[in-house]
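Residue-level structure breakdown
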Amino acid sequence: MPERTPRAPRTPSTPRTTTSSTGTTSTPGTTSTPTASRADLVADAALALLAERGMRGLTHRAVDEAAGLPQGSTSNVARTRQALLELAVRRHAEREARVLALEEMPDPRGGPDALADGLALAVHRSLTDGRDLLIARYELALEATRRPELRAFYDATGAVFQEQLAALLGAVGSPDPARHVLSLVAWADGLMFSCAAGSFSARVPSLAEVRQGVRELLNGLLGG
């Protein structure tokens, strides 16, 4: 009889990896770990699509294509549309924080002039380098008016920025930082919307012009 060829030793099967809608991967019997790089790639592609095509252009398939990922990759990171929107809001807050860079503001002990310099630079950066992020934010803000669950998430991310700004205003002598934050944010948002998507979009104001506007507003708020 011919000799029987020995059978190769059986190797253990690899545990199946699953990805949750919150962007974490796990295997049976292990602790979940965040897939930050994949989640950020998906979120960045989603923000780019929002700026380019609007909310109707945001689909899981479109994000896969924009991010250069295999079909179904976005669904592995954010299973539902709500999860995808929340991922975009979270990533938007991270990227906008880098544009605004409140932690790099001048020492508030320098007074309102120093604060005006820092705020003007942040607003001007948003209007130039961060214009696409502004457009994406407007899309997300409008969608949040129709989705209560997204509204709560959107407002929570914005509250962090408001708290930081209130601390800066208090440090330069604001008697009512919470109220003055609303006035300052309303002015900045109005300027940015008008120049990014409104009737003044043909010309971005210069840094000096933005600074003059911030200084005039702070003078009125602080009585300077």
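Reading guide: rules and limits
Residues numbered from 1 in each chain as written. Predicted model: local features only at pLDDT ≥ 70, side-chain atom pairs only at ≥ 80, totals over all residues. Heavy atoms only, no water. Helix = DSSP H or I, 4+ residues; strand = E, 2+ residues; numbered from the N terminus. Contact = heavy atoms within 4.5 Å. Areas by Shrake-Rupley, 256 points an atom, 1.4 Å probe, with all protein chains shown as cover. Buried < 20%, exposed > 50% of the residue type's maximum accessible area, 1.4 Å probe, protein only. Phe/Tyr/Trp six-rings, centres within 6.5 Å; stacked < 30°, edge-to-face > 60°. Axes fitted to C-alpha atoms, helices over the stretch in contact; angles between N-to-C directions. Parallel < 35°, antiparallel > 145°, perpendicular 65-115°, else oblique. Nonpolar A, V, L, I, M, F, W, Y, C, P; charged D, E, K, R; others polar. Salt bridge = Lys/Arg side-chain N within 4 Å of Asp/Glu carboxyl O. pLDDT = per-residue confidence, 0-100. Left-handed = near helix turned anticlockwise from the far one by under 90°. Expected span 1.5 Å × (residues − 1).

On to the overall build of the chain. Check the secondary structure of the chain and you find 9 helices and 3 strands. Sequence-ordered secondary structure for the chain, helices as α and strands as β, is β-β-β-α-α-α-α-α-α-α-α-α. Within the chain, residue pairs in contact and separated by at least 24 positions form 63% of the contacts whose partners lie at least 6 positions apart. Here the chain has roughly 13000 Å² of accessible surface; of this, 54% comes from carbon and sulfur atoms.

So, about the side chain of Thr74. Within the secondary structure, Thr74 sits in helix H3 (residues 73–77). For Thr74, a relative accessible area of 0% translates into the label buried. In this structure Thr74 touches Val42, His60, Val63, Asp64 and Leu84, once residues within four positions along its chain are discounted.

Overall, the coordinates contain 1 aromatic pair when judged by the stated rule. On the numbers, 5.1 Å between centres and 70 degrees between planes, the contact of Tyr138 with Phe193 is edge-to-face. On the criterion of sequence distance, the pair formed by Tyr138 in helix H6 (residues 131–144) and Phe193 in helix H8 (residues 177–196) is long-range, its members being 55 residues apart.

Time to look at the packing of H6 against helix H7 (residues 148–171). In contact at an axis separation of 8 Å, H6 and H7 are set at 130 degrees when each is read in the N-to-C sense. It follows that H6 is oblique to H7 by the angle criterion. Contact residues: Arg137, Leu140, Ala141, Glu143 and Ala144 in H6; Pro148, Leu150, Arg151 and Tyr154 in H7. For the contact of H6 with H7, the per-class residue count stands at 6 nonpolar, no polar and 3 charged.

To continue, consider the pattern of salt bridges. In this structure the tally under the stated criterion is 15 salt bridges. Across the salt bridge formed by Arg137 and Asp189, the nearest N and O atoms sit 3.4 Å from each other. Here Arg137, found in helix H6, pairs with Asp189, found in helix H8; they are 52 residues apart in sequence, far enough to count as distant. Taking the relative accessible area as the measure of exposure, Asp189 reaches 28% and is therefore partly exposed.

For the chain, mean pLDDT is 84; residues scoring 70 or higher make up 83% of the total. Across residues 1–36 the pLDDT falls below 50, and counting only partners more than four positions away or on other chains, this stretch makes 34 contacts in the model.

Look at H7 against H8: their axes get within 9 Å of each other, and the N-to-C directions meet at 110 degrees. As far as their axial angle goes, H8 and H7 are roughly perpendicular. Crossing handedness for the pair H7 and H8: right-handed. Contacts between H7 and H8 involve Phe161, Gln162, Leu165, Ala166, Leu169 and Gly170 on the former and, on the latter, Pro177, His180, Val181, Leu184 and Val185. Looking at side-chain class alone, the contact of H7 with H8 contains 8 nonpolar, 3 polar and no charged residues.

Taking 1.5 Å as the rise per residue, H6 with 14 residues should run 20 Å; its terminal C-alpha atoms sit 20 Å apart, in good agreement. Burial runs high along H6: 10 of the 14 residues are buried. Of all the positions in H6, only Leu133, Leu134, Ile135, Ala136, Arg137, Tyr138, Leu140, Ala141, Glu143 and Ala144 are classed as buried.

Time to look at the environment of Leu100. Structurally, the position occupied by Leu100 is in helix H4 (residues 81–100). Placed 24 residues apart in sequence, Leu100 and His124 show a C-alpha to C-alpha distance of 9.3 Å. The contacts of Leu100, once residues within four sequence positions are left out, are Met105, Ala122, Arg125, Ser126 and Phe161.

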